[in-house]
Amino acid sequence: MINQCSQSSFESLGRTYRKIKREFASNFPLFFAGSGKENAHPMTNETKSGASPNRYYLTTPIYYVNARPHLGHAYSTIVCDAIARRKRALGIETWFLTGTDEHGQKIERSAELAGRTPAEFATAISAEFRGLWHRLGITNDDFIRTTEDRHKRGVQKLFATLRDRGFVYKGSYTGQYCVSDEAYVDGPPGTYCPDCGRLTETVSEENYFFKLSAFERKLLEFYEANPGFIGPESTRREVISFVRGGLKDLSVSRTSFSWGIPVPGDEKHVIYVWLDALANYITALGYGSDKPADQAKFKKFWPADMHLIGKEISRFHCVYWPAFLMAAGIEPPRSVKANGWLLFDQGKMSKSKGNIVRAETVQDVLGTDALRYFLLREIPFGQDGSFSFDALVQRFNGDLANGYGNLVSRVVNMVHKYFAGVAPETGRETAAEDALRGSAEAAIAAFGPAFDELNFSEALKSLWVLVAETDGYLTANAPWKKPPERSDEEHLALQARVLATAAEAIRIITALVYPILPESAAKVWQQLGQGDIQAAVRSAFLTELAWGGLKAGTRFGEPAPLFPRAEKDAVERMQNLEDNNIGSAVDAVSGASATSSAPEAPQSALGISPIPATPEPTAAPEHATASPSVVSVQGQLAGTVPPSAAVHSQIESQLTEQTAAPVDPATPVATIHVHQVPAELASSRLTSTPIAAPAGAPLQPADPAAEQPQHIGIDDFTKVELRVAQILVAERIPKADKLLRLEVDLGYEKRQILAGIAQYYEPEKLIGRKIVIVANLAPRKMRGLESNGMLLAASLPDGAPVLAGFLEEVPLGARLK
Ligand code: MSP
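Only a predicted model underlies this, so the values are computations on that prediction, with no experimental measurement involved. (Residues numbered from 1 in each chain as written. Predicted model: local features only at pLDDT ≥ 70, side-chain atom pairs only at ≥ 80, totals over all residues. Heavy atoms only, no water.)

Undergrad: Would you explain the packing of helix α7 (residues 216–225) against helix α8 (residues 233–244) in this entry?
TA: Pairs of packed helices are described in terms of their axes, by the angle between the two and the distance that separates them. Remark: α7 packs on α8, axes separated minimally by 9 Å, with the N-to-C direction vectors making an angle of 155 degrees. Considering the angle they form, α7 stands roughly antiparallel to α8. Seen along the crossing, α7 lies across α8 with a hand that is left-handed. Only R236, V239, I240, V243 and R244 of α8 make contact with α7, whose side of the interface consists of E216, L219, L220 and Y223. Class assignment of the residues belonging to the contact of α7 with α8 gives a composition of six nonpolar, no polar and three charged. (Axes fitted to C-alpha atoms, helices over the stretch in contact; angles between N-to-C directions. Helix = DSSP H or I, 4+ residues; strand = E, 2+ residues; numbered from the N terminus. Parallel < 35°, antiparallel > 145°, perpendicular 65-115°, else oblique. Left-handed = near helix turned anticlockwise from the far one by under 90°. Contact = heavy atoms within 4.5 Å. Nonpolar A, V, L, I, M, F, W, Y, C, P; charged D, E, K, R; others polar.)

Undergrad: Whenever I open this one, the pairing of strand β12 (residues 266–271) confuses me. Can you help?
TA: Two faces belong to every sheet, and in a regular strand the side chains alternate between them. In terms of strand pairing, strand β10 (residues 253–254) meets β12 through two bridges, oriented antiparallel. Across the sheet, R254 pairs through a bridge with V270, a residue of β12. In this structure, strand β11 (residues 262–263) lies alongside β12, joined through two bridges in antiparallel fashion. Of the residues in β12, the one forming a bridge with V263 is D266. Once β11 ends, the chain turns through two residues before running back antiparallel as β12, passing G265 with a positive phi of about 85 degrees. (Pairing = 2+ DSSP bridges.)

Undergrad: Is there a simple way to explain the pairing of strand β23 (residues 750–755) in this structure?
TA: The buried count for β23 comes to six of six residues, which makes it a mostly enclosed element. The two faces of β23 match: K750, Q752 and L754 on one face and R751, I753 and A755 on the other face are all buried. Taken together, the six bridges between strand β22 (residues 736–745) and β23 define a ladder with antiparallel strand orientation. What sits directly across from E743, in β23, is Q752. (Buried < 20%, exposed > 50% of the residue type's maximum accessible area, 1.4 Å probe, protein only.)

Undergrad: Sorry, what's going on with unusual backbone geometry here?
TA: The bulk of non-glycine residues show a negative phi, and the bulk of peptide bonds are trans. The omega torsion of the bond from G231 to P232 falls at 0 degrees, within 30 degrees of zero and hence cis. Within the secondary structure, P232 is located in the loop between β8 (230–231) and α8. Following W302, the chain continues into P303 via a peptide bond in cis, with omega recorded as 5 degrees. Of note, P303 is situated in the loop between α11 (292–301) and β13 (306–310). A positive phi angle, near 65 degrees, is found at L454, a position not held by glycine. Relative to the helices and strands, L454 resides in the loop between α16 (431–452) and α17 (456–477). Of the residues examined, L454 reaches a relative accessible area of 4% and is grouped as buried. One non-glycine residue, A540, lies in positive phi territory at about 55 degrees.

Undergrad: Would you mind going over the sheet that holds strand β17 (residues 385–386) with me for this structure?
TA: The strand order across the open sheet formed by three strands is β16-β15-β17, and the pairing between neighbours is mixed. Looking at the sheet topology across the chains shown, the edges are occupied by β16 (347–348) and β17. Sheet topology places strand β15 (residues 342–344) next to β16; two bridges connect them, and they run antiparallel. In the sheet register, L343 faces β16, and the bridge partner there is K348.

Undergrad: When you look at the packing of helix α14 (residues 368–378) against α17 in this model, what are you seeing that I'm missing?
TA: Orientation of α14 relative to α17, taken along the N-to-C sense of each, is 105 degrees, at an axis distance of 6 Å. Classified by the interaxial angle, the pair formed by α14 and α17 is roughly perpendicular. Across the interface between the two elements, Y373, L376 and R377 from α14 touch F456, S457, L460, K461 and W464 from α17. Broken down by class, the residue content of the contact of α14 with α17 amounts to five nonpolar, one polar and two charged.

Undergrad: Sorry, what's going on with the confidence of the model for the protein chain here?
TA: Interpretation of this model should avoid reading the predicted coordinates in detail wherever pLDDT is low. Looking at the protein chain as a whole, the pLDDT averages 80, with 78% of positions reaching at least 70. Across residues 1–17, where pLDDT falls below 50, the model places 54 contacts with residues more than four positions away in sequence or in other chains. Under a pLDDT of 50 for its full length, residues 28–50 has, in the predicted model, 57 contacts with residues more than four places off or in other chains. (pLDDT = per-residue confidence, 0-100.)

Okay, structure coming up:
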């Protein structure tokens, strides 16, 4: 992913290296001193150099605005929110930053496809992120957009500083670029991105370069001196081995598009989007501002204690970012921790795969806390984890409704019933109370360290041992049941002792779980008569959490249900909410509108209207209007259907390598009955939902007089994998008059297809168009180039092909069934 430069204007690397080393050793002695043990700074910042141990700065990645937020994004944000809440409850002054990454070629292209300016487009999607965080009760202290002036100013200052300090020089770059990852890729044209698997594009530009190669040793020493810098261990090892493999200089400007921050003094260049994006962590604190208040904030919170990121962007955060900062004379962050991926339907949840679930769906059916609990309990941090509605409901019912929720409800109700809602005196304790107190103390001791090492799953597991023990204690002592041999007085004493003890255990559980279940903890806090939990947070209640805090005589609040048990249809309801919101996935790349439930980003406010679908096919308009839901597009059959009404599979596969001539459109190749997928149903996730016409359903021939097509079974049809793709690149092939070379995006992958349509289509006009391809055709070579698929087109009487397309929005990769 590191690029190559064709011109080098290096000083001697050795000299540069010594200069950086000298400067860093004197500026940031802790980073390079001793064994590193004393410098380790896992989650707590007790050992932090410079900054006060009582401050904590943490960040999420800033999210690209080419797609609406989904559960994958929510995962990273929720993890940070839980950490921020715990830090605050420990009395640590916390600054929690999130935001949106709005520049770059990817966003520029998405906006173009949506028929919007990049600024309008970015504003709309950024508002969706902000709205969702608001809806989920995320407690970020700031939200930065990279299109804000404060950010631009800071990025330009950073770039100028790097240049002034001799770490940036002008060169030229010819090589491969992955637009989706906004990353340079080593390899010849036609190389696929090693990270996302998409086809790269060739870039040939004059660029500014950053002397990344000068930081190889420096970074390795830094990692060694700061073993807690990268986590988890697997990510740390990968990063170190990447750096050991050698670093090449990095292109840090682009000239072939303009949606970015101009290089100061050379405005035809825009600053590389990753340099721009990474800088958000300092510009949001005021870096680049002249205002004393901003400068003070920067001084107060930088270096960041933790950048929480997805594992796929660790190289940018663990290699480029500390190198940029070292070069600029700014201290690197204290740690970068990578979360694994949330998987759904076997793959990484992502807009391009079309397998997303929205956080709002879970929130609407089970509540925000259910989502938070599931993500943190189910997925060991740092590993990939599967999301499924079934597993979610199971956890919800098992751990929350029947576990914690039921425990709280029993105890609070009994305190109301037997003690008029006032906490009783515990009285003389027995071995059972001692045991429960011991368990609670063990939970307090175990929870914090596990949480602070980001081991949320273990932390919750250990806390739920206390939930189970408290439940068992209640059941064993059964304060609701008076055996005949027990006197009234004895029974009252038992009830008081048991309920006061169980309520105290609940208080401990609730305080500890607050960062993960903030809404529910707030309710329980009230029910236990502890008042407003936010007031408790402000008084740093977690610092003094100890057994015995619930005082006798405390008036309890009214009992109220916490986690009403999810009914059998919960899974179905969530599934339906997602299915009815397919538009969110549909519009992801195109920018077409969809229903948004984010309060600050209602659809009307987004200013994004559905983009006109791909240019309407000029052929067979009668099909397009015949029925909005199931449109029969009749496949061409061996001369049986008049060509004017036929959809012709563009027969690339029949182009011979020698002639590259398109096949005669009258030649029969296949019978394809394509039922157009209604946009609201089109989703790759729908592959399990039968929406195609029933097997053998007769299609209306366009000409009733025409011979009936020979029927095939549904099994034959389903062998043909027809999918929606978008043309990204279209170009003529030298010495092949009839062939165009296309690069198409299926959402989940990019491919090259050679199509015999050069006489009928101007390549430039095809770019951005959505088409239908046969995706499972065996690859074949023509003119030495591999063709990986086949386009579908109607064939006019003169043989001219008209590409099949859609009136409605359809997501890339959607299958036609
Ligand atoms: N804009 C860059 C980050 C720049 S930070 C200076 C970017 N954006 S992104 O929107 O593509 O992804 C951002 C983050 O979203 C990921 O790093 C990860 O934290 C989170 N996730 C997105 N999809 C995810 C999953 N399916 N699973 C877990 N996290 C996911 O990269």
